[in-house]
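Here's the letter readout for the chains.
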Amino acid sequence: MDSRPGRSRNPYELTEETPVYVISVAAQLSGLHPQTLRQYDRLGLVSPDRTAGRGRRYSARDIELLRQVQQLSQDEGINLAGIKRIIELENQVAALQARVAELQAAVDGAAAAMRQREAAVHASYRRDLVPYQEVQQTSALVVWRPKKPE
């Protein structure tokens, strides 16, 4: 099932998370030996879904991750523990970015609600009242003298 809220998915629709490749096909697609894929699974680098019989099923996203692990290992010379940490940090960054987007949407919604409430308050003002305007202060001295009777 699709874990994204508000989205129903056709059970026959293939996405990049759909586990469809057996280990031999995943090995061919990634350019790695099946035993390497098993080792990566044991180390927690790339953990494919499992069938009821415990067989591994890799998704397109898993294949891409296998290629990334191979590239980091062979081209960059990073050991498997370092690669695992990189993957964990990338997953953490993705989760935090999703959370930031969620919080930004909440802030935007709250700001829109506040603007609506503010507009409602302004619309409710009585139009027969005159706004108070502050009198400018001067240093002039005004002397009041009562009128003399004539």
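Residues numbered from 1 in each chain as written. Predicted model: local features only at pLDDT ≥ 70, side-chain atom pairs only at ≥ 80, totals over all residues. Heavy atoms only, no water.

Across its full length, the protein carries 4 helices and 2 strands. Counted from the first residue to the last, the protein has its helices and strands arranged as α-α-β-β-α-α. Projecting the C-alpha coordinates of the protein onto the three principal axes gives extents of approximately 120 × 40 × 20 Å. Burial status across the protein gives 16% buried among its 150 residues. Total accessible area on the protein is roughly 12400 Å²; 54% of this is exposed by carbon and sulfur atoms. (Helix = DSSP H or I, 4+ residues; strand = E, 2+ residues; numbered from the N terminus. Buried < 20%, exposed > 50% of the residue type's maximum accessible area, 1.4 Å probe, protein only. Areas by Shrake-Rupley, 256 points an atom, 1.4 Å probe, with all protein chains shown as cover.)

On to helix α2 (residues 34–43). Restricting attention to buried positions, one finds in α2 the residues L37, Y40 and D41. One side of α2 holds all its buried residues, which, seen down the axis, span an arc of 100°. Taken together, the buried residues of α2 touch α1 (23–30), β1 (49–50), β2 (56–57), α3 (60–74) and α4 (80–123). One or two steps after α2, the chain reaches G44, where phi turns positive at roughly 85°. (Arc of directions from axis to C-beta. Contact = heavy atoms within 4.5 Å.)

Looking at the largest pocket, its volume works out to about 290 Å³. Taken together, E16, R61, E64, L65, Q68, I87, E90, N91 and A94 make up the full set of residues lining the largest pocket. Among the secondary structure elements, those contributing two or more residues to the lining of the largest pocket are α3 and α4. Taken together, the residues that form the lining of the largest pocket break down as 3 nonpolar, 2 polar and 4 charged. (1 Å grid on protein atoms, 1.4 Å probe; cavity = no way out; pocket = protein on both sides within 12 Å on 5 of 7 lines; lining within 4 Å. Points joined across faces, edges and corners; volume = space filled by probe spheres on them. Nonpolar A, V, L, I, M, F, W, Y, C, P; charged D, E, K, R; others polar.)

Okay, α3 next. In this model, α3 (15 residues) spans 21 Å end to end at C-alpha, consistent with the 21 Å of a helix rising 1.5 Å per residue. Within α3 the residues assigned to the buried category are D62, I63, L66, V69, Q70 and L72. Contacts from the buried residues of α3 go to α1, α2, β2 and α4. (Expected span 1.5 Å × (residues − 1).)

Across all of its chains, the model carries 7 salt bridges by this definition. For E17, the salt bridge goes to R61, with nearest N and O atoms at 2.4 Å. With E17 in the segment before α1 and R61 in helix α3, this pair connects stretches of sequence that are 44 residues apart. Using a relative accessible area of 41% as the deciding quantity, one classes E17 as partly exposed. Look at R61 and you get partly exposed, because its relative accessible area is 42%. Put simply, R67 and E64 hold a salt bridge, and the shortest N to O gap is 4.0 Å. Here E64 and R67 lie together in helix α3, a separation of 3 residues that amounts to about one turn. We classify R67 as partly exposed; its relative accessible area is 37%. Salt bridges linked by common partners bring E16, E17 and R61 together as one network. (Salt bridge = Lys/Arg side-chain N within 4 Å of Asp/Glu carboxyl O.)

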